[in-house]
Amino acid sequence: MNFPWAPGAATGVGSYPGEDPAETLRVVLGELPDLPHLPELPARGPGADMIGRTAGLLVDLAVAVQPSGWRFTDHPGRDASRTHGLLAQDLDTLEEQAGEFEGPVKIQVAGPWTLAASIEVRSGERALADPGAVRDLAASLAEGVAAHVRDVRRRLPRADLLVQFDEPSLPGVLAGTVPTASGFSRIRPVEAPIAEDTLRRVIEPAGAFPIVHCCAPNVPYGLLRAAGAKAVSVDASLLRDEEAIGEAVEAGTGFLLGVIPATDTRLPKPERSVARVRELWRRLGFSPKSLAEAAVITPSCGLAGATPSYARTALRHCREAARVLLETSEDG
């Protein structure tokens, strides 16, 4: 296995509470020194959310906020300017605080299927219902993400960049459970080969170590690997398909494992938090050493719904839990 992170690493999924990018990044760099990520702050409003932020990367496709959400428009307007301004502020802050950072750094964007399930075409229906719109969106996203990666790499020339594609809607896209805009019916399922090919067309040009995050049940591990994902980010409490997980581990896939809740709760001792994944690895016949190498410990999802104090505690807890995996591998 050859991963860009050191054994015993921890990181965040993406979002974080609050509106101050400088303070948030100081927390992230302090609590997650082995694998920091560029946090998203959706509390700042439209354009700072996962969908709007990624839509702002699209090339030659403009979006605007409607009462029902984000929608494609003929020309970029005030919402696009706000989105670009928020991202520029975050990237400037990242460069100021981590411009000399050496090691892996993770950024996040929404994947093509989650974007297509979230953004409306001009008629008001979800783009997912229009195969032509999906193709245009994916091509635009591939170009925009590649440019975004180049920009971040220019700002962090010593970092090893990882890009996470957030695809929480993908299982629903494949199962045909995504509702139409009216909510009275469902959009027909997308065939797995089409879903795989579309995702691959976005992942391949990105030019950074690709991760796909899917915190929903029924993660399609085989599809994600075939599309080019070198690691998958999942909620560890939803790990069910042990055969597919074992195949992914044997194929050299990395795992970002969400082991603690993303909203405020009383946390157990770090060793309790990773007990489930340690037991899973044992049942699958893999060594503690391979777990410490292949796994990165995270919260179960983004922390935007948490209090700032819990969010900071959660990141520290993940770092300590990852250390448990490393110490266990050394002992064994």
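In this report, the structure presented in the accompanying data block is examined.

## Description of the side chain of Lys106
Right, so step 1: For Lys106, the position within the fold is in strand E3 (residues 103-110).
Right, so step 2: The charged side chain of Lys106 is buried without a salt bridge, its nearest counter-charge being Asp166 at 6.6 Å.
Right, so step 3: Of the polar contacts made by the side chain of Lys106, one reaches the backbone oxygen of Val13; its length is 3.1 Å.
Right, so step 4: When neighbours within four sequence positions are excluded, Lys106 is seen to be in contact with Thr11, Gly12, Val13, Leu35, Pro36, His37, Leu38, Leu162, Gln164, Ile211 and Leu256.

## Details of unusual backbone geometry
Right, so step 1: Its identity as a non-glycine residue notwithstanding, Asp60 has a phi of 65°, on the positive side.
Right, so step 2: Along the chain, the position of Asp60 falls in the loop between helix H2 (50-55) and strand E1 (62-66).
Right, so step 3: For Asn218, which is not glycine, the phi dihedral falls at a positive 60°.
Right, so step 4: Summarising the element assignment, Asn218 is placed in the loop between strand E5 (209-213) and helix H8 (221-226).
Right, so step 5: Take Asn218: its relative accessible area is 68%, and that puts it in the exposed class.

## Some words on a negative patch on the surface
Right, so step 1: Negative charge collects at one region of the surface, where Asp241, Glu243, Glu247 and Glu250 lie side by side.
Right, so step 2: Structurally, Asp241 is set in the loop between strand E6 (231-235) and helix H9 (242-250).

What counts and how
By convention here, each chain's residues receive numbers from 1 onward along its written sequence. Per-residue local features are limited, in this predicted model, to residues with pLDDT of at least 70; the limit for side-chain atom pairs, both in listing and counting, is 80 or more; totals at the level of whole chains, interfaces and linings are taken over all residues. Water and hydrogen atoms play no part in the side-chain values, which are based on all heavy atoms of the structure. Numbering of helices and strands runs from the N terminus, with a helix taken as a DSSP run of H or I at least four residues long and a strand as a DSSP run of E at least two residues long. For every residue, the accessible area obtained with a 1.4 Å probe (protein chains only) is divided by the maximum for its type, and the residue is called buried under 20%, exposed over 50%, and partly exposed between those limits. Charge assignment in this entry is limited to Lys and Arg as positive and Asp and Glu as negative, and neither His nor the chain termini are counted. We define a salt bridge as a side-chain nitrogen of Lys or Arg found within 4 Å of a carboxyl oxygen belonging to Asp or Glu. Pairs of N or O atoms are called polar contacts if they sit within 3.5 Å, as long as, within protein, a hydrogen donor faces a hydrogen acceptor (for residues adjacent in sequence, only side-chain-to-side-chain pairs). Only heavy atoms matter for contacts: two residues are in contact if any of them lie within 4.5 Å across the pair. For patch building, the residue pool is restricted to those with more than 30% relative accessible area and no salt bridge; the joining distance is 9 Å between like charges and 5 Å between nonpolar side chains (Val, Leu, Ile, Met, Phe, Trp, Tyr). Per-residue accessibility takes into account occlusion by the displayed protein chains alone, with areas from the Shrake-Rupley method and a 1.4 Å probe. Lys charges are placed at NZ, Arg charges at CZ, Asp charges at CG and Glu charges at CD.

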